[in-house]
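What follows is each chain in one-letter form.
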Amino acid sequence: FSTVITVALSVFLMLRTPLDAIPDISDTQVLIEVDWEGQDPITIEDQITYPMVSTLLSVPRVKNVRGISMQNKALIYAIFEEGTDIYWAMSRVLEYISGIELPEGAKVELGPPAT
């Protein structure tokens, strides 16, 4: 009889316990992808990656900025301090990159809101 009561009480308590499946412990980051067809990595680095990384380092609450240059594309990651709202971070990044003069044909796109 005590086994039945113990199992019933355990099931009841399990169903009432709130669970967070996987807590998000990563930093807020904004991904910027720049496509520029027909360009080599060195040109991408000089005309896109370096100016964008330099500018994004001055964004408030930015902890780190990483840039990757490859054939036809640049990827820039702006990593923000803990607790920074993703939408606030995205709007600051858009604000700062709007002031960068990019070469003709370069297309800038922000990645989806994620951590």
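Throughout this description, residue numbers start from 1 for each chain and increase along the sequence as written. In keeping with the predicted nature of the model, local features appear solely for residues at pLDDT of at least 70, side-chain atom pairs appear and are counted solely at 80 or more, and the whole-chain, interface and lining totals rest on all residues. Derived side-chain values reflect all non-hydrogen atoms in the structure, with water molecules and hydrogen atoms excluded from consideration.

Q: Now, about a nonpolar patch on the surface: what can you tell me, with residues and values included?
A: A patch consists of residues exposed above 30% relative accessible area that lack any salt bridge, with like charges linked at up to 9 Å and nonpolar side chains (Val, Leu, Ile, Met, Phe, Trp, Tyr) linked at up to 5 Å. In short, Shrake-Rupley with a 1.4 Å probe defines the accessible areas, and a residue's cover is counted only from the protein chains shown. Salt bridges are defined as contacts in which a side-chain nitrogen from Lys or Arg sits within 4 Å of a carboxyl oxygen from Asp or Glu. Where nonpolar side chains cluster on the molecular surface, the patch consists of Val7, Val11 and Leu15 and spans about 300 Å² of accessible area. Secondary structure counts use DSSP, requiring at least four H or I residues in a row for a helix and at least two E residues in a row for a strand, with both numbered from the N terminus. Take Val7: it is sitting in helix H1 (residues 2–16).

Q: Tell me about the pattern of salt bridges, and please be specific about residues and values.
A: Scanning the model with the defined rule gives 5 salt bridges in all. A salt bridge links Asp35 to Lys73; the nearest nitrogen and oxygen atoms lie 3.8 Å apart. Of this pair, Asp35 sits in strand E1 (residues 29–35) while Lys73 sits in strand E3 (residues 73–80), and the two are 38 residues apart along the sequence. In this scheme, a residue with accessible area under 20% of its type's maximum is buried, one over 50% is exposed, and one in between is partly exposed, where area comes from a 1.4 Å probe on protein chains only. A residue is classified by how much of its surface remains accessible, and Asp35, at 24% relative accessible area, is partly exposed. One network of salt bridges, with partners in common, ties together Glu33, Asp35 and Lys73.

Q: Break down the environment of Arg92 for me, citing the residues and quoting the values.
A: Within the fold, Arg92 resides in helix H3 (residues 86–97). Polar contact criterion, stated in full: a pair of N or O atoms within 3.5 Å, where within protein one must be able to donate a hydrogen and the other to accept it, and residues adjacent in sequence count only if both atoms are side-chain atoms. Side chain to side chain, Arg92 and Ser91 meet in a polar contact 3.5 Å long.

Q: So what's going on with the packing of helix H2 (residues 41–56) against H3? Which residues, and what values?
A: Axis lines are fitted to C-alpha atoms, over the contacting stretch for helices. Their N-to-C directions set the angle, which ranges from 0 to 180 degrees. Interaxial distance between H2 and H3 falls to 10 Å at its minimum, and their mutual angle equals 125°. With respect to their mutual orientation, H2 and H3 come out oblique. Where H2 crosses over H3, the handedness of that crossing is right-handed. Note on element contacts: H3 touches H2 through Val93, Tyr96 and Ile97, opposite Met52, Thr55 and Leu56. For this classification, the nonpolar set comprises Ala, Val, Leu, Ile, Met, Phe, Trp, Tyr, Cys and Pro, the charged set comprises Asp, Glu, Lys and Arg, and every other residue, Gly included, is treated as polar. Residues that form the contact of H2 with H3 fall into these classes: 5 nonpolar, 1 polar and no charged. What sets the label is the angle itself: under 35 degrees gives roughly parallel, over 145 gives roughly antiparallel, 65 to 115 gives roughly perpendicular, and the rest give oblique. Two helices cross in a left-handed way if the nearer one is turned anticlockwise from the farther one by less than a right angle. They cross in a right-handed way if the turn is clockwise. Contact between two residues is taken to exist if any of their heavy atoms lie within 4.5 Å; hydrogens are not considered.

Q: Before we move on, could you go through the environment of Lys107 and cite the residues and values that matter?
A: Looking at where Lys107 falls in the secondary structure, it is placed in strand E4 (residues 107–110). Distance from Lys107 to Pro18, taken between C-alpha atoms, is 45 Å for residues 89 residues apart in sequence. Look past the residues within four positions of Lys107 in its chain and what remains in contact with it is Glu33, Val34 and Asp35.

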